[in-house]
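# Residue-level structure breakdown
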Amino acid sequence: IEIVHGSTNMVIADGWNELVSRTVNDGRLKLSVDGKEVRLDPDDIYMDENMNIMINEEVITSVFSCAVNRYYPGYTMMEKGNNAIIITAASDTVNVNGEEQIMVKPAVLHGSNMYIPLDVMSTYFSYEYNWNSMTYTAELINMKPDEKIYPYAYDYRKVGKGSAVKDQAEYGTCWAFASLTAVETSLMPEEKYDFSEDNMVWNSGYFGAQYDGGDYTRAISYLASWRGPVLEEDDVYGDGINNPDAGVVKHVQEAQIIESKNLEAVKKAVFLYGGVESSLYTSMSYAGERSMYYNDKNYSYCYIGTKKPNHDVVIIGWDDNYSKDNFSVSLEGNGAFICVNSWGDRFGDDGLFYVSYYDSNIGIHNVVYTRVEDNDNYDNIYQSDLCGWVGQLGYECDTAYFSNVYTAQSDEELKAVGFYATGKDTSYEIYYVDNFEGTESFCNKVYLQSGKFTNEGYYTVDLNKAVNMAEGKKYAIIVKITTPGAVHPIAIEYKAGRSTKNVVIDDGEGYISLIGKSWEHVEESKECNICLKMYTNNR
């Protein structure tokens, strides 16, 4: 230490920065955003040898509500508010709203993931950034918390996420086209897939044919049970041939259902994650058919009335200033969503059209796929609910316990569990029972962790600590769930009519309880299966 009159100067010895970074990276490094500690895997954040905090681009969306569009490894665009920056790994410049600026610390590429300096958030996205050397914590505070994270207009075609327009022909398969287009856009722009609607329709677990129609619940059940998605080339649409053995290329682990008519939440989902599958009523059924609600000169649509939705589309953008005069009906205000249809490129603007914010049905039923992973993320899935969320159970209150019991097929590690939130702001506690031998074993439950979901939907919860499982032993997974305002918060599968007549009841061992003391075997008492999956890795 060099003593100078009026100040103290620290002379950094060679190797000191490297020593500090090694110390910080040894499990001590923390990230705090707006006063709350963010839980990250050790591989998602680190301090480099020059004491710069580097963060994996894959977690920026969830941590900072920032849109991240990766075009290929080492080349990414980040957007928030009115700013868009393009970062290239190892480059000493960054493109900010079309202008090149100096990058103080370049991003780096490790494997296929780019790590971005944390001070990018303070430089370009209005965060105050401080390093707390006492607690080894990078602290960021959003200086514009009331500012919208997305612009007044947004269009996937302008950011390289415009999915190819498809044609459902004469079949009632819009639901499959919409759901898979939504999944495809969630992987873009880096990954471009053409998934098979034919495979989803025939292998959803529901009884019916291509003319019968469907909805997002059967799409979610097909995807969450790992029966798809498969490639279009492996199961071609409309050829009359079903290929149930086509290889699954991705695993969908999360599908969020956005609150009805919360149009701002829909925009946020499109901006951050992917296209939003939504529904509308239309009197048309193919390209070229006319409707009093459709303006074929402006490619604009608006229905105002009491008829229920009968068609699914995908929202891929919006324009708050899209004029109300562009529609065939009189409206009280401007604004429209940009939607992808499934009637081929002869409909609308090469398959796209504008739906007014004031349409009676758009934005009522909304699904966005927020976690689509490679098909090697887990080795095994345990489940008994191939039709997914068909109905609900409970005890006339917002809280209940539910459990599924599975027999380990080999020596494995329990890594995650999956279940539905049947309403907004659902909170949960997860437990397990080792060596389950009957309902008396529930007394031996072991607490694992807890959390909360903002939206209803299907979720996978990764466990903080894996649970070892021995081949041949039975294990119970238990969830205590609280869904405000619900009277039956537990999602179940059962035979609810013709479409679910193929549901198999005796393939599971499920239980429910009011307070976790007395347990009811639901396959016997309610003729249903509990929607609760296990994900494991082989040991």
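Residues numbered from 1 in each chain as written. Predicted model: local features only at pLDDT ≥ 70, side-chain atom pairs only at ≥ 80, totals over all residues. Heavy atoms only, no water.

To continue, consider the overall build of the protein. The secondary structure content of the protein amounts to eight helices and 37 strands. In terms of C-alpha radius of gyration, the protein reaches 25 Å, essentially the compact-globule figure of 24 Å for 539 residues. With respect to the principal axes defined by its C-alpha atoms, the protein has extents near 85 × 70 × 45 Å. By the burial criterion, 52% of the 539 residues in the protein qualify as buried. Residue pairs at least 24 apart in sequence account for 71% of intrachain contacts in the protein once pairs closer than 6 positions are excluded. (Helix = DSSP H or I, 4+ residues; strand = E, 2+ residues; numbered from the N terminus. Rg over C-alpha atoms; globule rule 2.2 N^0.38 Å. Buried < 20%, exposed > 50% of the residue type's maximum accessible area, 1.4 Å probe, protein only. Contact = heavy atoms within 4.5 Å.)

So, about the nonpolar core. Residues Ile 220, Tyr 301, Phe 337 and Tyr 369 are the most contacted members of the largest nonpolar core, which totals 81 residues. Counting residues per element, this core draws most heavily on helix α4 (residues 174–187), which supplies seven residues. Here Ile 220 is in contact with Ala 255, Ile 257, Val 367, Tyr 369, Tyr 420 and Tyr 458, once residues within four sequence places are set aside. Within the second largest apolar cluster, 32 residues are counted, among which are Val 24, Met 103, Met 114 and Leu 140. (Core = buried A, V, L, I, M, F, W, Y, C linked by side-chain atoms within 4.5 Å.)

Among the structural elements, Ser 32 can be located in strand β3 (residues 30–33). Looking at Ser 32, the relative accessible area reads 14%, which means it is buried.

Reading across from one edge, β26-β33-β36 is the order of the three strands in this open sheet, with antiparallel pairing throughout. Every other strand in the sheet has two partners, leaving β26 (391–393) and β36 (529–530) as the edge strands with one partner each. Where strand β33 (residues 490–493) and β36 come together, two bridges link them in antiparallel fashion. Across the sheet, the residue bridging to Ile 492 is Ile 530, located in β36. (Pairing = 2+ DSSP bridges.)

Okay, helix α7 (residues 263–272) next. With seven of its ten residues buried, α7 lies for the most part within the structure. Of all the residues in α7, the buried ones are Leu 263, Val 266, Lys 267, Ala 269, Val 270, Phe 271 and Leu 272.

Counting buried positions along strand β27 (residues 399–407) yields eight of nine residues, so the element is predominantly enclosed. Bridge count for β27 against strand β32 (residues 474–482) is nine bridges, and the pairing is antiparallel. Across the sheet, the residue bridging to Tyr 406 is Tyr 475, located in β32. Bridging between β27 and strand β34 (residues 510–513) involves four bridges; their strand directions are antiparallel. By the bridge assignment for β34, Asn 404 is matched with Gly 510.

A separate point is unusual backbone geometry. Residues other than glycine predominantly adopt negative phi, and peptide bonds predominantly adopt the trans conformation. A cis amide bond, omega 10°, links Met 188 with the succeeding residue Pro 189. Among the structural elements, Pro 189 can be located in the loop between α4 and α5 (197–202). Residue Pro 229 is reached from Gly 228 by a cis peptide bond, and omega for that bond is 10°. In this fold, Pro 229 is placed in the loop between α6 (216–224) and β17 (250–258). A positive phi angle, near 70°, is found at Met 51, a position not held by glycine. Structurally, Met 51 can be placed in the loop between β5 (45–47) and β6 (53–56). Positive phi outside glycine occurs at Asp 350, with the angle close to 55°. Tracing the chain through its elements places Asp 350 in the loop between β22 (336–340) and β23 (352–356). Take Asp 350: its relative accessible area is 54%, and that puts it in the exposed class.

In this structure the tally under the stated criterion is 37 aromatic pairs. Each ring, one from Trp 226 and one from Tyr 535, has its centre 5.6 Å from the other, and the planes form 40°; the classification is tilted. With a gap of 309 residues between them, Trp 226 in the loop between α6 and β17 and Tyr 535 in strand β37 (residues 532–538) connect regions that are remote in the sequence. With a relative accessible area of 0%, Tyr 535 lands in the buried category. (Phe/Tyr/Trp six-rings, centres within 6.5 Å; stacked < 30°, edge-to-face > 60°.)

Once that is clear, we can look at the side chain of Arg 371. Considering the arrangement of structural elements, one finds Arg 371 in strand β24 (residues 366–374). The class of Arg 371 is buried, set by a relative accessible area of 15%. In contact with Arg 371, not counting residues within four places along its chain, are His 251, Val 252, Gln 253, Glu 254, Tyr 378, Thr 460 and Asp 462.

What follows concerns the sheet that holds strand β12 (residues 108–110). Pairing is antiparallel across the open sheet formed by four strands, whose spatial order is β5-β6-β13-β12. A strand with exactly one partner marks an edge of an open sheet, and here the two such strands are β5 and β12. Between one strand axis and the next, the sheet turns by 30° as a mean value, whatever way the strands run. Of the pairings in the sheet, the one linking β12 to strand β13 (residues 113–117) comprises three bridges and is antiparallel in character. Within β13, the residue paired with Val 108 across the bridge is Tyr 115. (Axes fitted to C-alpha atoms, helices over the stretch in contact; angles between N-to-C directions.)

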